[in-house]
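Each chain, letter by letter, is given below.
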Amino acid sequence: MTGASLIFWIVCAIPLIAIIYWLIRKDKNKLKGSWGVIILGALVIAALLVIVYVTKDFDTVFSQN
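Procedures and definitions
Residues numbered from 1 in each chain as written. Predicted model: local features only at pLDDT ≥ 70, side-chain atom pairs only at ≥ 80, totals over all residues. Heavy atoms only, no water. Helix = DSSP H or I, 4+ residues; strand = E, 2+ residues; numbered from the N terminus. Buried < 20%, exposed > 50% of the residue type's maximum accessible area, 1.4 Å probe, protein only. Areas by Shrake-Rupley, 256 points an atom, 1.4 Å probe, with all protein chains shown as cover. Patch = residues over 30% accessible without salt bridge, like charges linked within 9 Å, V, L, I, M, F, W, Y side chains within 5 Å. Salt bridge = Lys/Arg side-chain N within 4 Å of Asp/Glu carboxyl O.

Trainee: Lay out the overall build of the protein chain with the relevant residues and their values.
Mentor: The helix and strand tally for the protein chain stands at two helices and zero strands. Buried residues in the protein chain amount to 9% of all 65 residues. A total of about 5,600 Å² of accessible surface is found on the protein chain, and carbon and sulfur atoms cover 76% of it.

Here is the structure:
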């Protein structure tokens, strides 16, 4: 992971995920709130998988060997 990636995760992604999680848990209807947390978790996992896949392809296509 590069420095720019780490800065993005620390400054943007983690606080955004935390705020969305807090808003979902603040919902009065606990059943809908739990579905929101499940969907948020699935989206975060999917985003991480896409990042890993795209980064792997980017390195192989643009390597200067």
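Trainee: Which residues make up a nonpolar patch on the surface, and what values do they have?
Mentor: Where nonpolar side chains cluster on the molecular surface, the patch consists of Leu6, Ile7, Ile10 and Val11 and spans about 400 Å² of accessible area. For isoleucine 10, the location among the structural elements is in helix 1 (residues 3–25).

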